[in-house]
Amino acid sequence: MRQLVEEMRSCISRKRRIETSSFSTLALSILLFAFFVFFLLDKMTDFPAPVRLLMTIAMIAAAVWRIPKIFRSRYKYPSDSSQIAREIERYSEKLPGRGFGSLYVSAVEFRADRSLSGHKALKDKTIADAEISSARIKDLKMHDRILLKKSLIFGSLALLLYIAWGALSFLTMAVFFGRAIGLPISYPTRTAIFEIAAPKISPSGKDLLLSARARGVIPENGKIEIAFEGEGGFDSKIERESEKSDKFVFKLASPQKSFKFKLYLGDAESDSISVKVIRPPFVKSSSIRVVPPEYAKLSAFEKKLGNFEVLENSKFDIRIIPDRKVKKATLEIRDPGDTAIKSFEMKESEASYRLEGISLKKSKNYSVRLEDADGIENYDRIFYSMDTVPDKLPEVNVLRPRSAYYAPVSRMGWSVKASDDLGMEALLLKYSVSVKDEKGESRMKKEGEFKLADLKGEKELSLSGTFELSSIGLSPGDSLSVVFAIKDNSVFREDNACGKSEPVLLNIVSAEELRSIVQDEILHTGKMVEDLSEDMKHQVKMLEIFRKNLKTGDK
């Protein structure tokens, strides 16, 4: 009887193994077909990575959760000996010829419970007949033959499909399963696109250069699809940079809005790439405070960004407020006509940026460079001019003495007029003494200077006075060259930088020589007066003759 029970249990176990394997094979085949359909759809539509990953999880989750439930609901396997016997007898009724009837169930129950009603001999005979026919149980095929057939067909088709797919393009299959788990990879093509050069963020209004390189089968040109934010898309041709180059370049003129683009080169298609276009930062408000040098005694004044004039050696402070918070604000300064730029980083102060104490010795061009957190700068910034007005040297006019006259070693009277744009400090007399040697050539004897007056910042003046020539140590025969110089009140000039008059030349003579020269001048002047008188008489005489001739002509 034990052998009978073991045979029955073995039969049910065989049925469970075959049906479980068949159902698993069928489910796996359907899942593989589903993934192949997923591949076809992904190849045609290029699902985004999150969608691909979600579909993969959904299909696997459905297979893991739903398929076992379906299997358990359709196929049940008894564990009790009586139920196993009843299952075998139920299946035997479907076989051609005579089935087992209730032989096995009765034998199992009689064997398990001897107290059941019935004749003992009949019970023993039923058990003996069941044991004799137990050999027939080995030949029973109780599994679901339709399920087995479907599993073989679908499994074979799935296996052939994937073998063919791998043989034709194993790389495509590998890429698909990589994409199915969300990897950012693309299907292989004869043309491959790589090194797409496009900024993530770009300033509005500035021409943008988009480029990409290709390998494999390189076409002569390609196509670029562009869609601006909130607008429909358009496509344009993207040209090869040169005949032998693998680089393709497209120039997008002055984009004003963010956009997405996609490249098509040969049979290759790039991912959709986004470029954010934002307005460059700009100066919303500005103030430039110019402080003239202290000696000029001029008031400080304020200007906005623009062109203006300042006194040389002035200092200025600049403060700007940009339209938004920026990463860096820089004052750029360069010489007019030059491209070399000197940069000064401005310090942030609340919502503004400042820079103080910039000295301006000569004319400069300047601009303010702004760079925001995204690296966008105000590329269209203007360079303004700050022209320096020079502090002119004083002008000096000598009223006396006149040049090239003779003077004894005595007092020299002088008189000058002078003016300056910002004020004068001192009036100086600069002199040089020369004498002629035996050969008649002049040689320097001495030179020096005297301060004649402190001017205390006056801008216009007329001064006169006398100067003791004896203080210089002159001798008759010397030549004295005198220059009246005005030193202005600028603290930036060199000590010898002065406004100067024309040189006044004095010939130093003795008193006797001066008297002789004066007498000669008087005689010379008297002779000139006599000559002029005779000339006048001659002119009067000629006029009388002319008048008489006119009267004779009238008659």
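Heads up: the structure comes first, above all this text.
Throughout what follows, the structure given in this document is the object of discussion.

The rules behind each value
Residues numbered from 1 in each chain as written. Predicted model: local features only at pLDDT ≥ 70, side-chain atom pairs only at ≥ 80, totals over all residues. Heavy atoms only, no water. Pairing = 2+ DSSP bridges. Helix = DSSP H or I, 4+ residues; strand = E, 2+ residues; numbered from the N terminus. Axes fitted to C-alpha atoms, helices over the stretch in contact; angles between N-to-C directions. Polar contact = N/O pair within 3.5 Å; in protein donor to acceptor, adjacent residues only side chain to side chain. Contact = heavy atoms within 4.5 Å. Salt bridge = Lys/Arg side-chain N within 4 Å of Asp/Glu carboxyl O. Buried < 20%, exposed > 50% of the residue type's maximum accessible area, 1.4 Å probe, protein only. Core = buried A, V, L, I, M, F, W, Y, C linked by side-chain atoms within 4.5 Å. Expected span 1.5 Å × (residues − 1).

**A closer look at the sheet that holds strand S12 (residues 308–311)**
Consideration 1: Reading across the sheet, the five strands line up as S12-S19-S18-S14-S15 and stay open at both edges, with mixed pairing between neighbours. Both outer strands of the open sheet, S12 and strand S15 (342–345), are each paired with one neighbouring strand and no more. With strand direction ignored, the average angle separating the axes of adjacent strands in the sheet is 30°.

**Brief notes about the sheet that holds strand S11 (residues 301–303)**
Consideration 1: An order of S11-S10-S13-S17-S16 is seen for the five strands of this open sheet, with the pairing classed as antiparallel. A strand with exactly one partner marks an edge of an open sheet, and here the two such strands are S11 and strand S16 (347–349). Across the sheet, the mean angle separating the axes of adjacent strands is 25° when strand polarity is ignored.
Consideration 2: Here three bridges tie S16 to strand S17 (residues 352–360), and the two strands are oriented antiparallel to one another. Across the sheet, Ser349 pairs through a bridge with Ser352, a residue of S17.

**A short note on the side chain of Ser29**
Consideration 1: Mapped onto the secondary structure, Ser29 falls in helix H1 (residues 2–45).
Consideration 2: Of the polar contacts made by the side chain of Ser29, one reaches the backbone nitrogen of Gly155; its length is 3.3 Å.
Consideration 3: In this structure Ser29 touches Phe154, Gly155 and Ala158, once residues within four positions along its chain are discounted.

**Regarding the pattern of salt bridges**
Consideration 1: Under the criterion given, the structure shown has 27 salt bridges.
Consideration 2: Note that Arg213 is salt-bridged to Glu195, the shortest N-O span being 3.1 Å. Of the two residues, Arg213 sits in strand S3 (residues 208–216) while Glu195 sits in strand S1 (residues 191–197), which places them 18 residues apart along the sequence.
Consideration 3: Taking the relative accessible area as the measure of exposure, Arg213 reaches 28% and is therefore partly exposed.

**Side note on unusual backbone geometry**
Consideration 1: Backbone torsion omega between Arg400 and Pro401 reads 5°, so that peptide bond is classified as cis.
Consideration 2: Examined against the element boundaries, Pro401 turns out to sit in the loop between strand S20 (395–400) and strand S21 (405–407).
Consideration 3: Even without glycine at this site, Ser254 takes up a positive phi of about 45°.
Consideration 4: Along the chain, Ser254 turns up in the loop between strand S6 (247–252) and strand S7 (259–265).
Consideration 5: We note that Lys297 has phi near 55°; this positive angle belongs to a residue other than glycine.
Consideration 6: Tracing the sequence through the fold places Lys297 in the loop between strand S10 (283–291) and S11.
Consideration 7: Given a relative accessible area of 70%, Lys297 falls into the exposed group.

**Topic: the nonpolar core**
Consideration 1: One finds Met412, Leu469, Ile472, Leu480 and Phe484 to be the most contacted residues of the largest nonpolar core, which totals 26 residues.
Consideration 2: With nine residues, strand S22 (residues 411–436) is the single largest residue contributor to this core.
Consideration 3: Sequence-distant contacts of Leu480, defined by excluding residues within four places in its chain, comprise Tyr431, Ser432, Val433, Leu469, Ile472, Leu474, Val504, Leu505, Leu506 and Ile508.
Consideration 4: The next biggest cluster of nonpolar side chains, apart from the first, holds 20 residues, and it includes Ile288, Val310, Ile318 and Ile333.

**Section: helix H2 (residues 49–74)**
Consideration 1: Helix length check: H2, at 26 residues, gives a terminal C-alpha distance of 37 Å against a target of 38 Å (1.5 Å per residue), a fit within 8%.
Consideration 2: Residues of H2 that are buried include every one of Arg52, Thr56, Met59, Ala63 and Phe71, and no others.

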